[in-house]
Amino acid sequence: MKKNHLIHTIYVVLIIAVISPAFAEDESNLFIRTDKRIFEFFHDKTPRTQFLGHAMEGITELGDDEAALGLTVLLVAFGNEHQFETGKLMTVAFSGTGIAIFALKQIVRRMRPLEEEVGLDSSFPSGHTGNAFALATVISNQYPRLRIPLYLGATLVGISRIYLGRHYPSDVLIGAAMGTLTAAEVVRHKEFFLKWQF
C-alpha cells in the first residue's frame, strides 16, 4: 500500500473509531465512561493554583485561530524566502485542519464537558489542539531542530484544553491526529502548494 493511502486509511479509521461511540452520551457506554474518568482526573484532581490556572490559560491561547493566523501572516508578509514558504504551508495546513474539524463538529455535535447544551462550536474534536499539531508538523518539517519543543508545546495545548474543562481527552486526541495528518499531507505535497499564489 502506498504511503499516502496508508495515511488516509489511518485518518478514516481514527475518526470512525471515535465517532460511533461519541454519539452515545450515556454512562452505559464504556468509551464515554473512560473518557469522562480521564477528564475528571485532569480537571478535578490536579492542583488548582492561580499560577497554574494563568499558565494554562496562556498555553491554550497558542492554539487559537487568531494566534495561528497571525503567525502565518507574519511569516508570509515579512519573512525571508524560507520563512515565506513555511508560512504558506502553515496557511494551507491550518485552513485544511480547520475545515475538517469544523465539519466534524457539526456532524458529531458533542456537548462540552462543563456546558448544558451544544453550541455551534461543539466539543468534538478540539480545534485548538488541531491547530497546534498542524503548525508543529509543518514548522518541524521546515526546521527539524525545533521538532521536540514544537510537539511538546502542542501537547501542552491539548492538556490545557482538558485542564480548563473545554474538552474531553478524546476530543484532544482526535484533534491532534487530524492536525498532524492533514499537515503531513500538506508537507508531502509541498511542491504543489508552494506554487499557489496568495
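On a predicted model such as this, the values are computed, not experimentally measured, just so you know.

### Quick word on helix 6 (residues 127-142)
Taking 1.5 Å per residue as the helical rise, helix 6 with its 16 residues ought to reach 22 Å, and the 23 Å between its terminal C-alpha atoms agrees with that figure. Within helix 6, 15 of the 16 residues are buried, leaving the element largely enclosed by the surrounding structure.

### Examining unusual backbone geometry
The omega angle of the peptide bond from Phe-124 to Pro-125 is -5°, so this bond is cis rather than trans. As for its position among the elements, Pro-125 is in the loop between helix 5 (81-108) and helix 6. Residue Arg-109 is not a glycine yet carries a positive backbone phi of 55°. Along the chain, the position of Arg-109 falls in the loop between helix 5 and helix 6.

### Considerations on the confidence of the model for the chain
Here the chain averages 84 in pLDDT, while 82% of its residues score no lower than 70. Model confidence for the chain, summarised as mean pLDDT per element, is weakest for helix 1 (residues 3-22) at 56 and strongest for helix 6 at 96.

### Topic: the packing of aromatic side chains
This structure, assessed with the given rule, holds four aromatic pairs. The positively charged end of Arg-48 is found above the aromatic ring belonging to Tyr-163, 3.7 Å away from the centroid.

### Comments concerning the side chain of Arg-112
Locating Arg-112 in the fold gives a position in the loop between helix 5 and helix 6. A polar contact of 3.3 Å, which involves the side chain of Arg-112, links it to the side chain of His-167. Those residues in contact with Arg-112, other than ones at most four positions away along the chain, are Lys-105, Asp-121, Ser-122, Ser-123, Arg-161, Arg-166, His-167 and Tyr-168.

### What to know about the side chain of Ser-160
The topology assignment puts Ser-160 in helix 7 (residues 147-163). According to the relative accessible area criterion, Ser-160 is buried, its value standing at 0%.

### Observations regarding helix 7
Over its 17 residues, helix 7 runs 24 Å from end to end, which matches the ideal 24 Å to within 8%, given 1.5 Å per residue. All buried positions along helix 7 are accounted for by Ala-154, Val-157, Gly-158, Ser-160, Arg-161, Ile-162 and Tyr-163. The inward-facing, buried residues of helix 7 abut helix 2 (30-44), helix 3 (50-61), helix 6 and helix 8 (169-188). Gly-165, located one to two residues past helix 7, shows a positive phi value of around 80°.

### Details of the environment of Gly-58
Tracing the chain through its elements places Gly-58 in helix 3. In sequence terms Gly-58 and Val-157 are 99 residues apart; their C-alpha atoms lie 9.3 Å from each other.

### Thoughts on the nonpolar core
Core analysis: the biggest nonpolar cluster contains 15 residues, and Met-90, Ala-93, Val-138 and Val-186 have the highest contact counts within it. Those elements that place two or more of their residues in this core are helix 4 (65-78), helix 5, helix 6 and helix 8. Broken down by element, the residue count for this core peaks at five residues, all from helix 5. Those residues within four positions of Val-186 in sequence are excluded, and the remaining contacts are Leu-89, Val-92, Ala-93 and Phe-193.

What counts as what
- Residues numbered from 1 in each chain as written.
- Predicted model: local features only at pLDDT ≥ 70, side-chain atom pairs only at ≥ 80, totals over all residues.
- Heavy atoms only, no water.
- Helix = DSSP H or I, 4+ residues; strand = E, 2+ residues; numbered from the N terminus.
- Expected span 1.5 Å × (residues − 1).
- Buried < 20%, exposed > 50% of the residue type's maximum accessible area, 1.4 Å probe, protein only.
- pLDDT = per-residue confidence, 0-100.
- Phe/Tyr/Trp six-rings, centres within 6.5 Å; stacked < 30°, edge-to-face > 60°.
- Lys NZ or Arg CZ within 6 Å of the ring centre and 35° of its normal.
- Polar contact = N/O pair within 3.5 Å; in protein donor to acceptor, adjacent residues only side chain to side chain.
- Contact = heavy atoms within 4.5 Å.
- Core = buried A, V, L, I, M, F, W, Y, C linked by side-chain atoms within 4.5 Å.

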